[in-house]
Amino acid sequence: MDANLYYTVFLTVVTIMTAVISSKYSSYPDSRFVLRRTSSGGALFLTVALTLFIGLRPLSYLFTDMYNYHMSYYHVFGQPYSFNPDSENIFFDNILYYLASERYDLDLFFLLIAAIYFGGIFIAMKKLFPRDTLYAVVIYLGAFSTFSYATNGIKAGAATSIFLCAIAYRRQLPACIMFLIASLGFHHSMIMPIVAFAICHFYSEPKKYLSLWIICLIIAACHITFFQELFGSMANDQGAGYLIKDKAISNWGYYAGFRFDFALYSAAPIVLGYWLITNCGYRSKTYNFIYSLYTLTNAVWLLCMYASFTNRIAYLSWLMLPIALTYPFFDSCFRPRQYRLANTVARCHLGFTLAMTIVYYGFLKAMF
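First, a word on what this report is: a plain description of the structure on this page.

Another aspect to go through is the overall build of the chain. Counting its secondary structure elements, the chain contains 19 helices and zero strands. Summing over all exposed atoms, the chain offers an accessible surface of approximately 16,900 Å²; the carbon and sulfur share of this is 66%.

Set out below in structure tokens:
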């Protein structure tokens, strides 16, 4: 298939599946919550299909970093391999070097990373949404950055997908720690959400984190970059490059400024969650943790909003956004006709992605 068609096909499939599944859920009574588990076969089939579809995509500059990995792969192709414990991303880098040294086809590498990415999403959704795994997976696929991190930032995508499994297995500490370590081994940027994970594991009070988020939003709106520069001075050269605004990078098409669109997108689960907790009386220790973790990591992004690669920093919180947005609706019954509200949230979530893709990055970019 032509590389130009991949995102269109992906969004079309996700849109159709969202429409069909949400229509089905609109007929479900609230009493369905007494069911504890349903088949996840459909979600597994979708995961395998997407792994093959994305993992076997053609080599193209449209997938940006794909060519960088292509060059790295064949730079060490066929050379003797020895495990390098000093690699910047110890698991990801050694997997790439091992497969290349053994002369495996490059397609196998991309297929493996796609399997980790989509497989991690499936495992996390199956654990967090045992009754509604297929719908949860489809909602996650409709997120603004899901496709991008399946085809472009695949190293960070695989790391964040593994991190989702750590969230899902938070109460099984050995498994949780294993997932956190693996996540960091795939991408060093995961240190920030892992630290936030530890903080929220011991203290998860949604209202306190909401207050912190509002303060950080005000700091961002006032264009105060003190914390961004502070984080940049503490990071390595690559991390500092992401955080420090660079005129040359801006010329590549990255917009470094106050991102109202990103802030609006980020605020959706925060505002909705606060309303569910305060007005609907929703209570859940798991959700308190998810809400606190998402809000804390997104607050860090607000402090770094003016970075050259602000979207990559934002993704360290956005990886949790679909879960933070929808978890309460599939957890327990706390209001009448709850599934209909869940459908509205799911459609608006996908609607933002479609609007950004078709209107913002489509018509407006073409016109201006």
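It is worth spelling out the nonpolar core at this point. Ranked by size, the top nonpolar core spans 120 residues in total, and within it Phe109 and Phe163 carry the most contacts. Considering every element that reaches this core, the biggest residue donor is helix α5 (residues 106–128), with twelve residues. In this structure, phenylalanine 109 is in contact with Tyr69, Tyr73, Phe92, Leu96, Leu99 and Ile154, ignoring residues within four places of it in sequence.

Evaluated as defined, the whole model comprises 43 aromatic pairs. On the basis of an interplanar angle of 50 degrees and a centroid distance of 5.1 Å, the ring pair of phenylalanine 10 and phenylalanine 147 is categorised as tilted. Taken together, the positions of phenylalanine 10 in helix α1 (residues 6–25) and phenylalanine 147 in the loop between α6 (133–141) and α7 (148–151) put the pair 137 residues apart, joining distant regions of the chain. Using a relative accessible area of 9% as the deciding quantity, one classes phenylalanine 147 as buried. Its guanidinium or amino end placed over the ring of phenylalanine 63, arginine 57 lies 5.6 Å from that ring's centre, counting from NZ or CZ.

Right, let's get into the environment of tyrosine 74. Tracing the sequence through the fold places tyrosine 74 in helix α3 (residues 65–75). Sequence spacing of tyrosine 74 and arginine 103 is 29 residues, and the spatial spacing of their C-alpha atoms is 9.1 Å.

On inspection of all chains with the given rule, the structure shows one salt bridge. Note that arginine 131 is salt-bridged to aspartate 132, the shortest N-O span being 4.0 Å. The residues arginine 131 and aspartate 132 share a single accessibility class, namely buried.

Looking now at helix α11 (residues 206–221). Taking 1.5 Å as the rise per residue, α11 with 16 residues should run 22 Å; its terminal C-alpha atoms sit 22 Å apart, in good agreement. Buried within α11 are the following residues: Pro206, Tyr209, Leu210, Trp213, Cys216, Ile219 and Ala220. Within two residues after α11, histidine 223 carries a phi angle of roughly 60 degrees, on the positive side.

Scoring rules and cut-offs
- Residues numbered from 1 in each chain as written.
- Predicted model: local features only at pLDDT ≥ 70, side-chain atom pairs only at ≥ 80, totals over all residues.
- Heavy atoms only, no water.
- Helix = DSSP H or I, 4+ residues; strand = E, 2+ residues; numbered from the N terminus.
- Areas by Shrake-Rupley, 256 points an atom, 1.4 Å probe, with all protein chains shown as cover.
- Core = buried A, V, L, I, M, F, W, Y, C linked by side-chain atoms within 4.5 Å.
- Buried < 20%, exposed > 50% of the residue type's maximum accessible area, 1.4 Å probe, protein only.
- Contact = heavy atoms within 4.5 Å.
- Phe/Tyr/Trp six-rings, centres within 6.5 Å; stacked < 30°, edge-to-face > 60°.
- Lys NZ or Arg CZ within 6 Å of the ring centre and 35° of its normal.
- Salt bridge = Lys/Arg side-chain N within 4 Å of Asp/Glu carboxyl O.
- Expected span 1.5 Å × (residues − 1).

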